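# Overview (structure and organization)
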Amino acid sequence: MKLSTKVEKALNDQINLELNSAYAYLGMAAYFAQTPFAGFARWMHLQSREELGHAQKFFDYLVDRGGKVSLQALAQPASAYQAPIDAFRASLQHEQKVSAAIERIYELALSEKDYSTMSFLKWFLDEQVEEEKSVNDMLARLELVGDNTSGLYQVDQYAGRRGES
Ligand code: FEO
């Protein structure tokens, strides 16, 4: 089944959103690089790389379906925050935006009877549950320790143990 113009555009927009995500996380990594929080910096770097992987998956799927990849400009990301928790709050907002975008493409694919795209998006729906959970977990820890320096140090150590996935 040929990819519809609407689905093709939605997938291209999602490539842009995933690349913007990678860039946003790189901005957060740049912020943490200016602080003693090496664990948070590593967490953000890994997240940035994951987002590049997401963009690549959309890119490959578009090509596999005979669609045309149209790359768009990226927005300048923030690279300054008041405190570590603010970066993670921004991250949660961003992930919620990505989840909503993927759900919209899923609804579009459903209305276009594009079952292959729905099947492809299933991985992303599951992934977004993981992504939001992982950021919420970091936020809960940061809220728990507040401004306590040794608590922040421990959360940073925890963030630094994040595995590559
Ligand atoms: Fe690719 Fe974090 O959404």
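In this report, we go over the structure that sits alongside the text. Just so you know, these numbers come straight off a predicted model, no measurement behind them. (Residues numbered from 1 in each chain as written. Predicted model: local features only at pLDDT ≥ 70, side-chain atom pairs only at ≥ 80, totals over all residues. Heavy atoms only, no water.)

### A word on the overall build of the protein
Broken down by element type, the protein carries five helices and zero strands. If you list the helices and strands of the protein from N to C, you get α-α-α-α-α. In terms of principal-axis extent, the alpha carbons of the protein reach across some 55 × 25 × 25 Å. Expressed as a percentage of the 165 residues in the protein, the buried residues total 45%. Restricting to contacts in the protein with at least 6 residues of sequence separation, those with at least 24 account for 80%. Of the charged side chains in the protein, 17 are positive and 23 negative, and the gap between their average positions amounts to 3 Å. (Helix = DSSP H or I, 4+ residues; strand = E, 2+ residues; numbered from the N terminus. Buried < 20%, exposed > 50% of the residue type's maximum accessible area, 1.4 Å probe, protein only. Contact = heavy atoms within 4.5 Å. Lys, Arg positive; Asp, Glu negative; His and termini not counted. Charge placed at Lys NZ, Arg CZ, Asp CG, Glu CD.)

### Focus on helix H5 (residues 149–160)
Taking 1.5 Å of rise per residue, 12 residues should cover 16 Å, and H5 covers 16 Å from first to last C-alpha, within 8% of that figure. Those residues of H5 not exposed but buried are Gly 151, Leu 152, Val 155, Asp 156 and Ala 159. Axial view of H5: buried residues confined to an arc of 140°, hence all on one face. Exposed residues pointing more than 90 degrees away from the buried face of H5 are listed as Tyr 153 and Gln 154. Its buried side turned inward, H5 meets helix H2 (38–64) and helix H4 (115–145). (Expected span 1.5 Å × (residues − 1). Arc of directions from axis to C-beta.)

### Some thoughts on the pattern of salt bridges
For the structure on display, the rule yields seven salt bridges. Across the salt bridge formed by Asp 13 and Lys 9, the nearest N and O atoms sit 2.7 Å from each other. Of this pair, Asp 13 and Lys 9 both sit in helix H1 (residues 5–33), four residues apart, which is roughly one turn of that helix. For the salt bridge of Asp 126 with Lys 122, the shortest nitrogen-to-oxygen distance reads 2.8 Å. You can see Asp 126 and its partner Lys 122 sitting in helix H4, four residues apart, about one turn around the helix. For Lys 122, a relative accessible area of 45% translates into the label partly exposed. (Salt bridge = Lys/Arg side-chain N within 4 Å of Asp/Glu carboxyl O.)

### Points about the side chain of Ser 21
The residue Ser 21 is located in helix H1 in this model. If near-sequence neighbours (up to four positions away) are discounted, Ser 21 is found in contact with Glu 51, His 94 and Val 98.

### Some details on the packing of H2 against H4
The interhelical angle for the contact between H2 and H4, taken along N-to-C directions, is 170°, at an axis separation of 12 Å. By the angle between their axes, H2 is roughly antiparallel relative to H4. Of H4, the residues touching H2 (which contributes Phe 40, Trp 43, Gln 47, Glu 50, Glu 51, His 54, Lys 57, Phe 58 and Tyr 61) are Ser 116, Thr 117, Phe 120, Leu 121, Trp 123, Phe 124, Glu 127, Glu 131, Ser 134, Val 135, Met 138 and Leu 142. For the contact of H2 with H4, the residue count by class is 11 nonpolar, five polar and five charged. (Axes fitted to C-alpha atoms, helices over the stretch in contact; angles between N-to-C directions. Parallel < 35°, antiparallel > 145°, perpendicular 65-115°, else oblique. Nonpolar A, V, L, I, M, F, W, Y, C, P; charged D, E, K, R; others polar.)

### Regarding a nonpolar patch on the surface
Residues Tyr 23, Leu 26 and Leu 74 make up a contiguous nonpolar surface patch of roughly 250 Å² in combined accessible area. Along the chain, Leu 74 falls in the loop between H2 and helix H3 (84–111). (Patch = residues over 30% accessible without salt bridge, like charges linked within 9 Å, V, L, I, M, F, W, Y side chains within 5 Å. Areas by Shrake-Rupley, 256 points an atom, 1.4 Å probe, with all protein chains shown as cover.)

### Focus on unusual backbone geometry
The backbone of Lys 113 sits at a positive phi, close to 55°, despite the residue not being glycine. With respect to the element layout, Lys 113 can be found in the loop between H3 and H4. Given the relative accessible area of 54%, Lys 113 is considered exposed.

### A look at the packing of aromatic side chains
A complete count under the given rule lists 12 aromatic pairs for this structure. Ring centres of Tyr 31 and Phe 32 lie 4.7 Å apart, and the angle between their planes is 55°; on these two criteria the pair is classed as tilted. Taken as a pair, Tyr 31 and Phe 32 share a single burial class, namely buried. Between Trp 123 and Phe 124, the ring centres sit 4.8 Å apart and the planes meet at 80°, which makes this aromatic pair edge-to-face. In this structure Trp 123 comes out as partly exposed when scored by relative accessible area, which is 37%. Classification of Phe 124 by relative accessible area gives buried; the value is 0%. Here the guanidinium or amino end of Arg 162 rests over the ring plane of Trp 43, the centre of that ring lying 4.5 Å away. (Phe/Tyr/Trp six-rings, centres within 6.5 Å; stacked < 30°, edge-to-face > 60°. Lys NZ or Arg CZ within 6 Å of the ring centre and 35° of its normal.)

The values are spatial; any link to function lies outside them.
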